[in-house]
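Structure assessment
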Amino acid sequence: MNPITIFFIRRMRMPLMVLLMAYTISIIGLVLVPGVEVDGEPWRMGLFHAIYFVSFMATTIGLGEIPYPLSDGQRLWVMFSIYISVIAWLYAIGSILALFQDPKFRRALIRSRFKSTVAKIRDPYYIICGYGNVGSSLVHLLTERHTHVVVIDNDQECIDRLDMEAYDLDVPALCADASAMDVLIDAGLLHDKQGKGRKSTCVGIIALTSSDEVNLKASIISKTLRPDLPVISRVEDLKIEQSMEMFEVDHIVDPIDTFANLLSLVLKAPSLHLLRDWLTGDAGSDLTDPLYPPDGSWILCGYGRFGRELHERLIQADKQVTVIEESPLDVPEGVNLLQGTATNLGVLSDSGIRNAVGIVIGTNSDEVNLTIIRAAYLLNPNLFVVVRQNHRESERLFANEAIDLLLETNDIIARRIRMLLSTRLLYEFIQYSRRQDAQWANVVISRLCAVMEGDPPHLPHLWSIYAKSNDVPGVYEALKKGRDICLSDLFQDPRKKTRTLSCVPLLLVRGKSEYYMPDDSMLIEVNDHILFCGSKRIESIMSKNCRNIYALNHLMRGENIPDGYLWRWLQRRRNDYDRRTNPR
Amino acid sequence: MNTENTIFGFFIILALTLNFGFFIGDFDNPAHHNVYELFAAIVVNLMAMLMKLGARKKTGTILLATSLVANLQLIAAALVWTSAIYITEVGMTPEVMGSIVSLAGGAMLANVVSTILLITENFVVDS
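A short tour of the structure in this document, coming up. Note that the structure is predicted; figures quoted are calculated from it, not measured.

1. Things to note about the overall build of chain A
Along the backbone of chain A there are 23 helices and 18 strands. Radius of gyration (C-alpha) of chain A: 36 Å, far over the 25 Å computed for a compact globule of 584 residues. In terms of principal-axis extent, the alpha carbons of chain A reach across some 115 × 100 × 45 Å. Within the span of chain A, comprising 584 residues, buried residues form 47% of the whole. Of the contacts formed within chain A by residues at least 6 apart in sequence, a portion of 64% connects residues at least 24 apart. Accessible surface, chain A: about 30,300 Å² in total, of which carbon and sulfur atoms supply 53%.

What follows is the structure, given as C-alpha cells:
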C-alpha cells in the first residue's frame, strides 16, 4: 500500500475506535432501557430500531422519537448517548482535518502526486534542476516547442513562481534537494523506453542550481544510474569542473569560460561575435549592435578566476595588459601587476589608464565594479568597457552605465544551453562559424539583415526541415517520384509566384557531409536536414508548402495537379489523347 | 510482557469466539442463535479490524483481508435478519435462519484464518 494510505489509516485508528465504542454503548443502552407503548404497555427497542435511532442521533440529524415517544428512562439514556457520540464524531472529523493540515502528510501527498504525474508523461522530457532565471527561460523555450519538462528546486518560492506561470504545457515541479538520489528517481531519471514497456522517456538532465556541489552530485548520480543520458551542467569552480570531466558530463557550461571565449571572438572578429549573438539570442528581441574594440593597451581590474581567464585571452590576442589587484595571490611571472584598489583614482591613473583603449572590470562585488566604471570614465571617457555583473538584481544599475560588453552569468548560461537544446544544426553552424574569418561573417550578416522583419528589426527565428516522409510529406513524395526540387523552390511565396519568402538557408546536412550557406539552386535529396533562418511567420508558410504536394507542385510548375480519382482519371485520358494526336 | 500484543491478540480471539458462539447450535433453530451475540460479534470484529489497520506490512495485509471478509459476511447476516423481520415481513422462518447462520459460518472461517496467522506470526522467527 502506498505510504499516504498507510499514514492516513494509522492516524484514523484511534478516532474510529472511539466512534465505534460510542455507538456500541449507546445501542446497548437503548436496547436495555425499557420504553412504554402508547397504551402504557412496556416495550423494548429491538436492535434494529436502536441502531436506527443512534444513527440519526449521533450525526445530529435528530429525526424524532420513534416509533413511540420515549419513556423518561429512555430519554435519560439518550441524553448521555448524545454527548458521547457527538463528541466522538467531532474527534474523528477533527482528526481528519488535522491530518490534512499536517505538513508531513502534505509533503508525502505532493511527492506521490508528482511521481505519478511524471510517470504518466507520454513524450520524451527533460529534467531541470534549479528554477532560477536560467531555469525559467529554459522551461519557456522547451514548452514553446512542446517538449515536456520536469523541474526540481530546493526553494519553495521558486516552485510557487513556476506554478503561477502560464506555460503551454503542464510542468510537474517538486520542492526537494536535487542532489538526492530518491528525488531524481521520483523525477523519472530511470524512465527509459526500453525498460518494461514504459511509455515515458527522460532524454536529458540539466543541472542549473546555484550550488556547484549540488550540480556535481546530480551529474554523478545521473551518469552512474543512466550512463547514456545526456547531462548538461552549470559550474563555476574549477576543481568541481574537473570532477565533472572525470564523470564525462556531456556539456559543462562554465560562464567564465564561455565569456572568455566570447571576448576572444570580439577581439578577433567583431562580425563573428555579432553573428553568434544574433543566432543564439531570444528570437524576437531587439537586435544587438556590433562591437568594435579598439587596438591598444588594456587595463584589467581584479585578478581572481575571471581576471585570470580574460588576462590570458587578452595576451593571446597580443594586447598589452596592466593588471590592478588589491591582494594578489599566485601571480605568475611576466604579468604586469600593479597592486592597489582599482576604485582609487590615483591607482587607476598610475596604471596608464589615460593611454589605454579598454578596461576589463571583474571583481566579485557589483558595487566595486560600478565604482570602477565611473572612476575609469572620469579619467578616460573613450574606454571600451568590459564588465562583470555578479547578481541579477543589479541589472538596472548596470544598464544605467555606458558599457560595451557585459558579462551577466545567467544570460551567458541561458544562451549556451539554449543553443545546446536547440536543433543540432545550429550548434554545428556556430562551431563552424568560429573557424571562419570576418569576411565570411559579413556576408552572412548582410544576408540575414535582408530577411529580418520588424521595425526596428528583431532577432531572427531559426528552424529546420528534415526531408523525411512524416515531417514534410509533400517534399518527400515529390522526391520519391523523381522530381527535382531545389532549395529556392521551397521558399517561393505561394501567394505571388515571382516573390520569394524572406529566409536564408544556413546549413544543409546530407549524411556525413555538411554544406554551409548552400546555394539557392542546390538540389534536395531525401533525408536532407536543412537549417533556415527567417521569422516564425515565414516558417509557417514554408511548412504549409512543404507538407502539401499539391501546394508544392503549384509553386514549382504553376500547374494544378488534379486531386481525387475522377479528375486524375480524366487527366490521364486527356494525356493519352494528347500523346496519340501529337506524337513528338 | 507486551501489552500491545496482548490486547491485539485478545480482540482477534474474542472476535473468533463470539462468532463461534453465535454459529454453534441447530442450523435453522432461531432459539439457538441469539441476536445479541451476533451484535457483539459484529462490534468486536469491527474493533479487531481497526486494530489490524496499520499493522506491519507482511502479515498485516493478509490479516486485514481476513477481517474485511469476516465483517462483510457478518454485516450481511445482520442485514438478512433485519430485512426478513422488518422489511419484507417474512418473519423468522427456518430458511431465513439458515441463511443467517451460513453467512456467520463463513465469517467464522475467516476469523479462524486470522487466528492461525496470529499464532504463526508469534511463533515463527520473523525475517
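2. A short note on the packing of helix α5 (residues 133-144) of chain A against helix α16 (residues 409-421) of chain A
Each pair of packed helices can be described by the angle between their axes along with the distance between the axes. Residues and elements named next belong to chain A. Two numbers describe how α5 lies on α16: the axes approach to 9 Å, and their chain directions differ by 30 degrees. It follows from the interaxial angle that α5 and α16 lie roughly parallel. Of the two elements, α5 crosses α16, and the hand of that crossing is right-handed. Residues N133, V134, S137, L138, L141 and L142 of α5 form the contact with α16, whose participating residues are N410, I413, A414, I417, R418 and L421. Among the residues making up the contact of α5 with α16, the classes are represented as 8 nonpolar, 3 polar and 1 charged.

3. Concerning the packing of aromatic side chains
Per the counting criterion, the structure on display carries 16 aromatic pairs over all chains. Taking the centre distance of 5.9 Å and the plane angle of 40 degrees together, the rings of F429(A) and W440(A) count as tilted. A residue pair is termed long-range when its members are at least 10 positions apart, and F429(A) in helix α17 (residues 424-434) and W440(A) in helix α18 (residues 438-451) qualify at 11 residues. The exposure classification of F429(A) matches that of W440(A), with both residues buried. Ring centres of F10(B) and F11(B) lie 5.3 Å apart, and the angle between their planes is 75 degrees; this geometry places the pair in the edge-to-face category.

4. Points about the interface of chain B and chain A
At the junction of the two partners, chain B supplies 12 residues and chain A supplies 15 residues. Summing the contributions of chain B and of chain A, the shared interface buries around 1,500 Å²; its carbon and sulfur component is 82%. When residues of chain B are sorted by the area they lose upon contact with chain A, F39(B), L50(B) and Y86(B) head the list and together hold 37% of the total. Put simply, chain B and chain A have 0 salt bridges between them. Remark: the boundary between chain B and chain A carries 2 residue pairs in polar contact (both at pLDDT 80 or more). Those elements that place two or more of their residues in the side of chain B that touches chain A are α2 (35-52) and α3 (57-87) of chain B. The dominant element in the side of chain B that touches chain A, judged by the number of residues it contributes, is α2(B), at 8 residues. Classifying every residue of the side of chain B that touches chain A by side-chain character gives 10 nonpolar, 2 polar and no charged.

5. A word on the side chain of H191(A)
Residue and element names in this part refer to chain A. Looking at the element boundaries, H191 is found in the loop between α7 (181-186) and β6 (202-207). The buried category is assigned to H191, whose relative accessible area is 9%. At 2.9 Å, the side chain of H191 forms a polar contact with the side chain of Y125.

6. Here we look at the nonpolar core
Core analysis: the biggest nonpolar cluster contains 54 residues, and I27(A), L30(A), M45(A), F53(A) and I100(B) have the highest contact counts within it. Sorting the residues of this core by element identifies α1 (3-32), α2 (47-58) and α3 (72-101) of chain A together with α1 (3-23), α2, α3 and α4 (94-123) of chain B as the ones contributing at least two each. Here this core takes 11 residues from α2(B), the largest share from any one element. If we skip the residues at most four places from it in the chain, F53(A) touches L30(A), M45(A), G64(A), E65(A), I66(A), L70(A) and V78(A). By size, the runner-up hydrophobic cluster in this structure holds 30 residues, among which are L279(A), L462(A), L506(A) and Y516(A).

Parameters and conventions
- Starting afresh in each chain, residues are numbered from 1 along the sequence in its written order.
- Written order determines the labels here, with chains lettered from A and ligands numbered from 1.
- Where local features are concerned, this predicted model is filtered to residues with pLDDT of at least 70; where side-chain atom pairs are given and counted, the filter is 80 or more; whole-chain, interface and lining totals use all residues.
- No hydrogens and no water enter the side-chain calculation; it runs on all heavy atoms of the structure.
- Per the convention used, a helix needs a DSSP run of H or I reaching at least four residues, while a strand needs a run of E reaching at least two, with both numbered from the N terminus.
- The globule rule used for comparison is 2.2 Å times the number of residues to the exponent 0.38, while the radius of gyration itself is calculated over C-alpha atoms.
- Relative accessibility thresholds used throughout: buried, under 20% of the residue-type maximum; exposed, over 50%; partly exposed, between the two (1.4 Å probe, protein chains only).
- Residue contacts are defined here by distance: any two heavy atoms, one from each residue, within 4.5 Å place the two residues in contact.
- Here the Shrake-Rupley method, with its probe set to 1.4 Å, supplies the accessible areas, and only the displayed protein chains count as covering residues.
- Where helices are involved, their axes are fitted lines through C-alpha atoms of the stretch in contact, as for all axes, and angles between N-to-C directions lie from 0 to 180°.
- Our angle categories are set so that under 35 degrees counts as roughly parallel, over 145 as roughly antiparallel, 65 to 115 as roughly perpendicular, and the remainder as oblique.
- Crossings are sorted by hand: turned counterclockwise from the far helix by less than a right angle, the near helix makes the crossing left-handed, and turned clockwise it makes it right-handed.
- Ten residues, namely Ala, Val, Leu, Ile, Met, Phe, Trp, Tyr, Cys and Pro, are considered nonpolar, four, namely Asp, Glu, Lys and Arg, are considered charged, and the remaining ones, Gly among them, are considered polar.
- Two rings from Phe, Tyr or Trp (for Trp, the six-membered ring) form a pair when their centres sit within 6.5 Å of each other. Planes less than 30 degrees apart are called stacked, planes more than 60 degrees apart edge-to-face, and all others tilted.
- Joining two parts hides part of their accessible area as seen by a 1.4 Å probe, and the buried area is that hidden amount summed over both.
- Salt bridge, as applied in this entry: a Lys or Arg side-chain nitrogen positioned within 4 Å of an Asp or Glu carboxyl oxygen.
- Polar contact criterion, stated in full: a pair of N or O atoms within 3.5 Å, where within protein one must be able to donate a hydrogen and the other to accept it, and residues adjacent in sequence count only if both atoms are side-chain atoms.
- What makes a nonpolar core is a set of buried Ala, Val, Leu, Ile, Met, Phe, Trp, Tyr and Cys residues whose side-chain atoms join them at distances within 4.5 Å.

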